[in-house]
Amino acid sequence: MKPNAPAHSASSKSTGAQTLALSLEGIDKSFQDSAQTVQVLHQAHLAVAQRERVALLGPSGSGKTTLLNIAAGLESADRGQVLIAGQDLTPLDERARSLLRRRHLGFIFQSFNLFPQLTAAANIRVSLRLNGLRDRQWQDYQQELMQRMGIAKLAQRYPHQLSGGEQQRVAIARALVHRPALVLADEPTGNLDQAHAAEVLAILEEVSGDCGLLLVTHSQRAARLCHRVLTMVNGTPQASVASDDE
Ligand SMILES: Nc1ncnc2c1ncn2[C@@H]1O[C@H](COP(=O)(O)OP(=O)(O)OP(=O)(O)O)[C@@H](O)[C@H]1O
Ligand SMILES: [Mg+2]
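What counts, and where the lines are drawn
- Residues numbered from 1 in each chain as written.
- Chains lettered and ligands numbered in written order.
- Predicted model: local features only at pLDDT ≥ 70, side-chain atom pairs only at ≥ 80, totals over all residues.
- Heavy atoms only, no water.
- Helix = DSSP H or I, 4+ residues; strand = E, 2+ residues; numbered from the N terminus.
- Rg over C-alpha atoms; globule rule 2.2 N^0.38 Å.
- Buried < 20%, exposed > 50% of the residue type's maximum accessible area, 1.4 Å probe, protein only.
- Contact = heavy atoms within 4.5 Å.
- Lys, Arg positive; Asp, Glu negative; His and termini not counted.
- Charge placed at Lys NZ, Arg CZ, Asp CG, Glu CD.
- Pairing = 2+ DSSP bridges.
- Axes fitted to C-alpha atoms, helices over the stretch in contact; angles between N-to-C directions.
- Near = heavy atom within 4 Å.
- Polar contact = N/O pair within 3.5 Å; in protein donor to acceptor, adjacent residues only side chain to side chain.
- Areas by Shrake-Rupley, 256 points an atom, 1.4 Å probe, with all protein chains shown as cover.
- Nonpolar A, V, L, I, M, F, W, Y, C, P; charged D, E, K, R; others polar.
- Salt bridge = Lys/Arg side-chain N within 4 Å of Asp/Glu carboxyl O.

## A look at the overall build of the chain
Per the secondary structure count, the chain includes seven helices and eleven strands. Expected size for 246 residues packed as a compact globule is a radius of gyration near 18 Å; at 18 Å, the chain falls within 12% of this value. Across its three principal directions, the C-alpha atoms of the chain cover 50 × 45 × 40 Å. Looking at the chain as a whole, 51% of its 246 residues are labelled buried. If you take every contact in the chain between residues at least 6 apart in sequence, the share linking residues at least 24 apart comes to 71%. Mean positive and mean negative side-chain charge positions of the chain (25 and 23 charges, respectively) differ by 7 Å.

## Looking at unusual backbone geometry
For Gln-43, which is not a glycine, the phi torsion comes out positive at approximately 50°. Tracing the chain through its elements places Gln-43 in strand β3 (residues 37-49). With a phi angle near 65°, Arg-51 is a residue other than glycine that sits in the positive phi range. Tracing the chain through its elements places Arg-51 in the loop between β3 and β4 (53-57).

## A few points about the pairing of strand β10 (residues 228-233)
Both β4 and β10 contribute to a ladder of four bridges, which runs parallel. Residue pairing in the sheet places Leu-57 in a bridge with Thr-231 of β10. Strand direction decides the pairing type here: β10 and strand β11 (residues 236-239), joined by four bridges, are antiparallel. Its bridge partner being in β11, Thr-231 is matched across the sheet by Gln-238. Between β10 and β11, which follow one another and run antiparallel, lie two residues, and Asn-234 among them has a positive phi close to 50°.

## Description of the sheet that holds β11
One open sheet holds the six strands; their spatial order is β7-β8-β9-β4-β10-β11, and the pairing between them is mixed. Strand pairing shows two members of the sheet lacking a second neighbour, β7 (105-108) and β11, which therefore form its edges. Between one strand axis and the next, the sheet turns through 25° on average, direction left out of account. Relative to β7, helix α2 (residues 94-104) is tilted by about 75°, and along the sheet it contacts β7 and β8 (182-186).

## Some words on the site of ligand 1
Around ligand 1 sit Phe-31, Val-40, Pro-59, Ser-60, Gly-61, Ser-62, Gly-63, Lys-64, Thr-65, Thr-66, Glu-187 and His-218, and those are all the residues in its vicinity. Within the backbone of Gly-63, one N or O atom sits 3.0 Å away from an oxygen atom of ligand 1. At 3.1 Å, a side-chain N or O of His-218 approaches an oxygen atom of ligand 1. Against a free-state accessible area of 640 Å², the protein chains account for coverage of 58% of ligand 1. Residues of the shell around ligand 1, tallied by class, amount to three nonpolar, seven polar and two charged.

## Side note on the pattern of salt bridges
Counted by the stated rule, this structure contains ten salt bridges. Asp-210 is the salt-bridge partner of Arg-179, the closest N and O atoms lying 2.6 Å from each other. Note that Arg-179 is positioned in the loop between α5 (164-176) and β8 and Asp-210 in the loop between α6 (194-207) and β9 (212-216), a separation of 31 residues in sequence. Judged by relative accessible area, which is 11%, Arg-179 ranks as buried. Here the residues in one salt-bridge network are Arg-51, Arg-179 and Asp-210, joined through shared partners.

## Quick look at the side chain of Glu-166
Following the sequence through the fold, Glu-166 ends up in helix α5. Despite its burial, Glu-166 pairs with no opposite charge, the nearest such side chain being Arg-157 at 4.3 Å. The residues contacting Glu-166, other than those within four sequence positions of it, are Leu-154, Arg-157 and Gln-161.

In structure tokens:
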């Protein structure tokens, strides 16, 4: 049984009747190195609807990870507004941001980032524990998700006993099990061979249905599983057409 999704805030920002999973408006971000100031994001705009999958492409250094970090509230923008599940991050202190992140976000990284001392099942359970979701229905949902993702049989293994593709499936389950509004994925197939990458992408497409997904990738194959494809151009995501290579 699927537990109810969290209620969104009454002050949520909506498009029509629907709250956006993510809204970035007018984001500027510069970094200072020893010699100069480099503007990475310039008037960046991006909206991800609930249940929408958006791919973000762009050359190395174009600001994709910076944009994800700002969307997650891990990094501050110089200017602009970030709303997650309709809630404005800007006025929140670090503690409030962290709570919002915990409840409404899931992260998937290129390097899996599992806790090495925890089993696969315990790694996934972390997302439930952090949110105080201890009810039977959440435990059942975790079990159901692991079954759907083909990792139930790996529950008691530790990360070092798993292949890269298996580790990434565990990491995806951890990102999704608390039913966040938004999942941010930074090159989730970057460390996998083609066969494992295809398998992980198919699973991500299948199980991410209830969330908004922002998928940073260099892979046209990964981009094709998304509803929209954007490319970083001059510091902001712009609509683009996925090409047929790869
Ligand atoms: N903390 C920082 N201090 C200084 N410069 C930074 C910092 N973080 C990122 N940058 C610079 O900002 C630019 C964008 O970096 P970012 O990591 O967002 O790129 P990216 O599009 O994710 O690249 P890749 O595809 O290689 O992961 C780069 O030129 C990078 O060197
Ligand atoms: Mg990056």
